Amino acid sequence: MLYAIIATDAANSLEKRLSVRPAHVERLKQLQAEGRIVLAGPHPAVDSNDPGEAGFTGSLIVAEFASLADAQAWAKADPYVAAGVYAEVVIKPFKQVLP
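None of these values were measured; they are calculated from a predicted model. (Residues numbered from 1 in each chain as written. Predicted model: local features only at pLDDT ≥ 70, side-chain atom pairs only at ≥ 80, totals over all residues. Heavy atoms only, no water.)

When helices and strands are tallied, the chain shows three helices and four strands. At 13 Å, the chain has a C-alpha radius of gyration in line with the 13 Å of a compact globule built from 99 residues. C-alpha atoms of the chain, sized along the principal axes, occupy 35 × 30 × 25 Å. Relative to its 99 residues, the chain shows a buried fraction of 30%. The contacts in the chain between residues at least 6 apart in sequence include a share of 74% that link residues at least 24 apart. (Helix = DSSP H or I, 4+ residues; strand = E, 2+ residues; numbered from the N terminus. Rg over C-alpha atoms; globule rule 2.2 N^0.38 Å. Buried < 20%, exposed > 50% of the residue type's maximum accessible area, 1.4 Å probe, protein only. Contact = heavy atoms within 4.5 Å.)

Set out below in structure tokens:
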């Protein structure tokens, strides 16, 4: 089943985000290689694809997991969680309608 992982960044976490981004992206690439990722990306803090120093307010990942517990375990092990980038992570079942 698909799950939406909706994360909210902690205040002033841009430096932490940038420092662990390679490890975070590597985990996403693994999901992609397994054909399990639908989409993933950050929420810019301003109306721009490159928000610069404004940074980001969080992230959205939609991916396939065997269960909600598996999605929760995967999200809990994210480098952004360990580094304190995310202040909150919500995981919900997701039903893709389009495309």
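Applying the stated rule across the entire model yields three salt bridges. Between Asp9 and Arg17 there is a salt bridge; the shortest N-O distance is 2.9 Å. For the pair Asp9 and Arg17, one class covers both residues: buried. Two residues, Asp78 and Arg27, come together in a salt bridge whose shortest N-O distance is 3.4 Å. One end of the pair, Asp78, is in the loop between α2 (68–76) and α3 (79–83); the other, Arg27, is in helix α1 (residues 14–33), with 51 residues separating them in the sequence. Classification of Arg27 as buried rests on a relative accessible area of 18%. (Salt bridge = Lys/Arg side-chain N within 4 Å of Asp/Glu carboxyl O.)

This next bit is on the UniProt feature "domain: YCII-related" (unreviewed entry) in the chain. If you check UniProt for "domain: YCII-related" (unreviewed entry), the listed places come out as residues 1–95 in our numbering. A distance of 8 Å separates the end C-alpha atoms of residues 1–95, which is 36% helix and 36% strand. (UniProt positions renumbered as here; feature names shortened; annotations may be inferred.)

Our next topic: the sheet that holds strand β3 (residues 56–64). Taken together, four strands build an open sheet; the order of strands is β2-β3-β1-β4 and the sheet is antiparallel. Of all strands in the sheet, those with a lone pairing partner are β2 (37–44) and β4 (86–94), marking the two edges. Between one strand axis and the next, the sheet turns by 10° as a mean value, whatever way the strands run. Pairing analysis gives eight bridges linking strand β1 (residues 2–9) to β4, with the strands arranged antiparallel. Pairing of Thr8 across the sheet is with Glu88, part of β4. Where α1 meets the sheet, its contacts fall on β1, β2, β3 and β4, and the angle it forms with β3 comes to roughly 10°. (Pairing = 2+ DSSP bridges. Axes fitted to C-alpha atoms, helices over the stretch in contact; angles between N-to-C directions.)

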